[in-house]
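# Structural description and commentary
Read off the chains here:
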Amino acid sequence: MSAKLLFVISGASYWTLKDGTRHATGYWAEEFAAPYRAFTDAGHQVTVATPRGVVPTVDMMSLRPDMAGSAETALELEQIIRSAEEMRRPLQLSDARLEDYDAVYFPGGHGPMEDLWEDPDAGRLLTAALASGKPLAVVCHAPAALLSTRIRGVSPFAGYRVTGFTNDEEEGVGLASRARWLLEDELKVLGVDFVRGDMWKPYTVVDRNLYTGQNPASAEALAAELLKVL
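Parameters and conventions
- Residues numbered from 1 in each chain as written.
- Predicted model: local features only at pLDDT ≥ 70, side-chain atom pairs only at ≥ 80, totals over all residues.
- Heavy atoms only, no water.
- Salt bridge = Lys/Arg side-chain N within 4 Å of Asp/Glu carboxyl O.
- Phe/Tyr/Trp six-rings, centres within 6.5 Å; stacked < 30°, edge-to-face > 60°.
- Helix = DSSP H or I, 4+ residues; strand = E, 2+ residues; numbered from the N terminus.
- Buried < 20%, exposed > 50% of the residue type's maximum accessible area, 1.4 Å probe, protein only.
- Lys NZ or Arg CZ within 6 Å of the ring centre and 35° of its normal.
- Pairing = 2+ DSSP bridges.
- Contact = heavy atoms within 4.5 Å.
- Axes fitted to C-alpha atoms, helices over the stretch in contact; angles between N-to-C directions.
- Patch = residues over 30% accessible without salt bridge, like charges linked within 9 Å, V, L, I, M, F, W, Y side chains within 5 Å.
- Areas by Shrake-Rupley, 256 points an atom, 1.4 Å probe, with all protein chains shown as cover.
- Core = buried A, V, L, I, M, F, W, Y, C linked by side-chain atoms within 4.5 Å.

The chain goes by Type 1 glutamine amidotransferase domain-containing protein in an unreviewed UniProt entry, where it is assigned to Streptomyces nigra.

This brings us to the pattern of salt bridges. Counted by the stated rule, this structure contains 13 salt bridges. Glutamate 99 is the salt-bridge partner of arginine 97, the closest N and O atoms lying 3.8 Å from each other. The network of salt bridges with shared partners includes Glu85, Arg88 and Arg89.

With that settled, the discussion passes to the packing of aromatic side chains. For the coordinates displayed, the defined rule picks out 8 aromatic pairs. Both rings, one in phenylalanine 7 and one in phenylalanine 32, keep their centres 5.8 Å apart while their planes meet at 80°; by these two values the pair is edge-to-face. With a gap of 25 residues between them, phenylalanine 7 in strand 1 (residues 4-8) and phenylalanine 32 in helix 1 (residues 29-41) connect regions that are remote in the sequence. You'll find phenylalanine 7 and phenylalanine 32 in the same group, each marked buried. Ring geometry for phenylalanine 7 against phenylalanine 39: centres 6.0 Å apart, planes inclined by 85°, an arrangement best described as edge-to-face. Of this pair, phenylalanine 7 sits in strand 1 while phenylalanine 39 sits in helix 1; the two residues are 32 residues apart in sequence, bridging distant segments of the chain. A connected cluster of aromatic rings, assembled from ring pairs, spans Phe7, Tyr27, Phe32, Tyr36, Phe39 and Tyr105. One Lys or Arg, arginine 22, reaches over the ring of tyrosine 14 and ends 3.8 Å from the middle of that ring. The ring of tyrosine 160 is capped by arginine 208, whose NZ or CZ atom sits 3.7 Å from the centre of that ring.

Right, let's get into the pairing of strand 11 (residues 210-213). Regular strands place side chains that alternate from one sheet face to the opposite one. Side chains of strand 11 alternate between two faces, with Leu210 and Thr212 and Tyr211 and Gly213 buried alike. Of the pairings in the sheet, the one linking strand 7 (residues 136-139) to strand 11 comprises 4 bridges and is parallel in character. In the strand pairing of strand 11, leucine 136 is matched with leucine 210. Connecting strand 10 (residues 204-207) to the next strand, strand 11, in antiparallel fashion are 2 residues, including arginine 208 with a positive phi near 55°.

Even without a glycine there, the phi angle at arginine 152 is positive, about 50°. Positionally, arginine 152 belongs in the loop between strand 7 and strand 8 (161-162). Classification of arginine 152 as exposed rests on a relative accessible area of 80%. One non-glycine residue, arginine 208, adopts positive backbone phi at about 55°. Turning to its location among the elements, arginine 208 is positioned in the loop between strand 10 and strand 11.

Attention shifts here to the sheet that holds strand 6 (residues 103-106). Ordered by their spatial adjacency, 7 strands build an open sheet running 5-4-1-6-7-11-10, and the pairing between neighbours is mixed. This sheet does not close on itself; its edge strands, each paired only once, are strand 5 (91-92) and strand 10. With 3 bridges connecting them, strand 6 and strand 7 associate as parallel partners. When the sheet's bridge partners are listed, valine 104 is paired in strand 7 with leucine 136. Of the strands in this sheet, strand 1, strand 6, strand 7 and strand 11 are in contact with helix 4 (residues 120-132), which crosses strand 6 at around 135°.

Let us look at a nonpolar patch on the surface. Together, Val173, Met199 and Trp200 make up a nonpolar patch on the protein surface, roughly 250 Å² of accessible area in all. If you trace the backbone, tryptophan 200 turns up in the loop between strand 9 (193-194) and strand 10. For tryptophan 200, a relative accessible area of 40% gives the class partly exposed.

Following the sequence through the fold, glycine 153 ends up in the loop between strand 7 and strand 8. Glycine 153 sits 38 residues away from aspartate 115 along the chain, and the two C-alpha atoms are 19 Å apart.

A word on the nonpolar core. In this structure, Phe7, Phe32, Val104, Phe106 and Leu136 are the most contacted members of the largest nonpolar core, which totals 71 residues. Excluding residues within four positions of it along the chain, valine 104 makes contact with Leu6, Val8, Leu98, Leu125, Ala129, Pro135, Leu136 and Ala137.

As structure tokens, then:
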């Protein structure tokens, strides 16, 4: 039985730091490519949506052999991205209707810290997906999008167990002191029960229909969790 998945990807190509400088970014290659391959290999259909329907930008750092794990893996990720037709004709996020899909997935990279965290369309979709009981998966920096679900300061995600890119990991990539705000801190303010595993290791959390992953290494594990229920 083939399922339809909506991948909601940041449209940002940079992240504005505390001092106003722009840090080149986008989505993280592995966080798109590993789940995309897992779902399409299993016969499922993927649709990509971005703010304003812009073609998403891959964070070039994520295609560096030292970041991808090896030159071979980096090439593999690049190949998956190049061959993914859906990436070249994304749907406008404002046009994405939850009823057309069986599950929703938000990959990370620093991009969501620039756009999805305050995108009203992302907020509406996340709120609807959570209420629908359909599997909703969010990884790494993409939980920043949960901040867009606040109405008068209150989010439907409050009280859910959630993981995401930690302050330690942000420190590890040298950007914690330069960020306007940190994901882990803001999620705690949102009222979620933030939990974490070891730095850079796969770590996923499932709470009801919400599936979250801590970092790039968690994307594939998150896809495997989702495949069990699709």
